[in-house]
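A look at the structure
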Amino acid sequence: MGHNHDHSHHHSEGNVKVAFFLNLSFTIIEIIGGLYTNSLAILSDALHDLGDSFSLGLSWYFQKLSKKGRTKTFSYGYKRFSLLGAIINSIVLVAGSIFILTKAIPELFNPGETNVQGMLYLAILGILVNGAAVFKLRKGESLNEKVVSLHLLEDVLGWVAVLIGSIIMMYTDAPFIDPLLSVLISLFVLYNVYKNLKKSLLVILQGIPEEISIDDIRQKLKNISKVTDIHDCHAWSMDGQYNILTLHLRLDKDYKLSEQAKLKERVRTQLKDESINHITIEFEGQNENCELEDC
């Protein structure tokens, strides 16, 4: 299990690294192209991509850092650092999108001339480059990779919109389409950032992971004959993937340590399908007073 987790971390770090270099190279092309074509949609996407490149660089760094084992300061290791990357990512995108909206909305009423043919060629290139990065990250498991993959998928969709817009502008006199695309791309990005930020905050605020049900856990453990009560039951996630559970189990009588070891094994077997990676179990005697009973 540990080997698989390390392997997936190494794999995801490589994925984020490739996506970073792809994105950064293309952002430079995009800024030049946006200025050349005088397209606000392309320039706004370039700003979005610049934010993405910064975020991808951070994600790569945090993904690398999150592989470090436990230290005196971080007893659970650095897993949660990859989540920090996802949150910084989201903040950068929100700031970028708001800036784009302040530029694009006035342009709707007074659109400038754009080089439509240049827009078309850049859009095709944008779909190919960002599509390749999404393909590289699509099997990502970490929340960090999912946020990064989402950024790149948004870029692909943004470029599809620019492609369609440039084709329409080739055959009709509708220069407002360019700033309109810019507004739509920004609103779409903000909506998705909100969803991801919500997930990341749930992990940071130690909410119960969506895939874990405390009621199901209690029900399964009540089926063990020696257990008379389950309390002080807490579940949280380190990074959206690695889930932790702690609980107190009251037993019907005092058992020897060897019997308790067998009982622990049985508890872990009962909970093996519950998406839990780390379980801490504390046993209590029938008459033992636990001050955490209502916790």
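Residues numbered from 1 in each chain as written. Predicted model: local features only at pLDDT ≥ 70, side-chain atom pairs only at ≥ 80, totals over all residues. Heavy atoms only, no water.

Our focus in this paragraph is the overall build of the chain. Along the backbone of the chain there are 8 helices and 3 strands. Looking at the chain as a whole, 48% of its 295 residues qualify as buried. When contacts within the chain are restricted to residue pairs at least 6 apart in sequence, long-range pairs at least 24 apart make up 76% of them. For the chain, the exposed surface amounts to about 15,500 Å²; the carbon and sulfur share of it is 61%. (Helix = DSSP H or I, 4+ residues; strand = E, 2+ residues; numbered from the N terminus. Buried < 20%, exposed > 50% of the residue type's maximum accessible area, 1.4 Å probe, protein only. Contact = heavy atoms within 4.5 Å. Areas by Shrake-Rupley, 256 points an atom, 1.4 Å probe, with all protein chains shown as cover.)

With the rule as written, the count across this model stands at 2 aromatic pairs. Summarising the aromatic geometry, the rings of Phe20 and Phe21 are spaced 5.1 Å apart at their centres and angled 65 degrees between planes, so their arrangement reads as edge-to-face. Assessed through its relative accessible area of 15%, Phe20 is described here as buried. On the numbers, 5.8 Å between centres and 75 degrees between planes, the contact of Phe26 with Trp159 is edge-to-face. Taken together, the positions of Phe26 in helix H1 (residues 2-37) and Trp159 in helix H5 (residues 143-171) put the pair 133 residues apart, joining distant regions of the chain. As far as burial versus exposure is concerned, Phe26 and Trp159 are alike and both buried. (Phe/Tyr/Trp six-rings, centres within 6.5 Å; stacked < 30°, edge-to-face > 60°.)

Moving on: unusual backbone geometry. Most peptide bonds take the trans configuration, and most residues that are not glycine carry a negative phi. Despite not being glycine, Gln206 has its phi angle at roughly 60 degrees, a positive value. Even without being glycine, Asp232 reaches a positive phi, approximately 45 degrees. Looking at the element boundaries, Asp232 is found in strand S1 (residues 227-237). Looking at Asp232, the relative accessible area reads 9%, which means it is buried.

What follows is about the sheet that holds strand S3 (residues 278-284). One open sheet holds the 3 strands; their spatial order is S1-S2-S3, and the pairing between them is mixed. What marks the edges here is a single partner per strand, and that holds for S1 and S3. Pairs of neighbouring strands in the sheet enclose a mean axial angle of 15 degrees, with direction left out of account. As defined by bridge partners, strand S2 (residues 243-251) adjoins S3 across 7 bridges and the pair is classed as parallel. Each bridged residue has a counterpart across the sheet, and for Leu247 the counterpart in S3 is Ile281. Packed onto the sheet, helix H8 (residues 257-270) meets S2 and S3 and runs at close to 135 degrees relative to S3. (Pairing = 2+ DSSP bridges. Axes fitted to C-alpha atoms, helices over the stretch in contact; angles between N-to-C directions.)

Before going further, it helps to spend a moment on the UniProt feature "transmembrane region" (unreviewed entry) in the chain. Sequence positions flagged by UniProt for "transmembrane region" (unreviewed entry) are, in local numbering, residues 18-36, 83-106, 118-135, 147-170 and 176-194. With 100% helix and 0% strand, the stretch residues 118-135 has end C-alpha atoms that lie 26 Å from each other. (UniProt positions renumbered as here; feature names shortened; annotations may be inferred.)

Next up on the list: the nonpolar core. By size, the foremost hydrophobic cluster in this structure holds 21 residues, and its most contacted members are Ile217, Leu221, Leu245, Leu247 and Leu249. At the level of secondary structure, the elements contributing two or more residues to this core comprise helix H7 (214-222), S1, S2, H8 and S3. Here Leu249 is in contact with Leu221, Val227, Asp229, Ile230, Val267, Ile281, Glu282, Phe283 and Glu284, once residues within four sequence places are set aside. Core analysis: the next-biggest nonpolar cluster, separate from the first, contains 20 residues, Ile42, Trp159, Leu163 and Ala174 among them. (Core = buried A, V, L, I, M, F, W, Y, C linked by side-chain atoms within 4.5 Å.)

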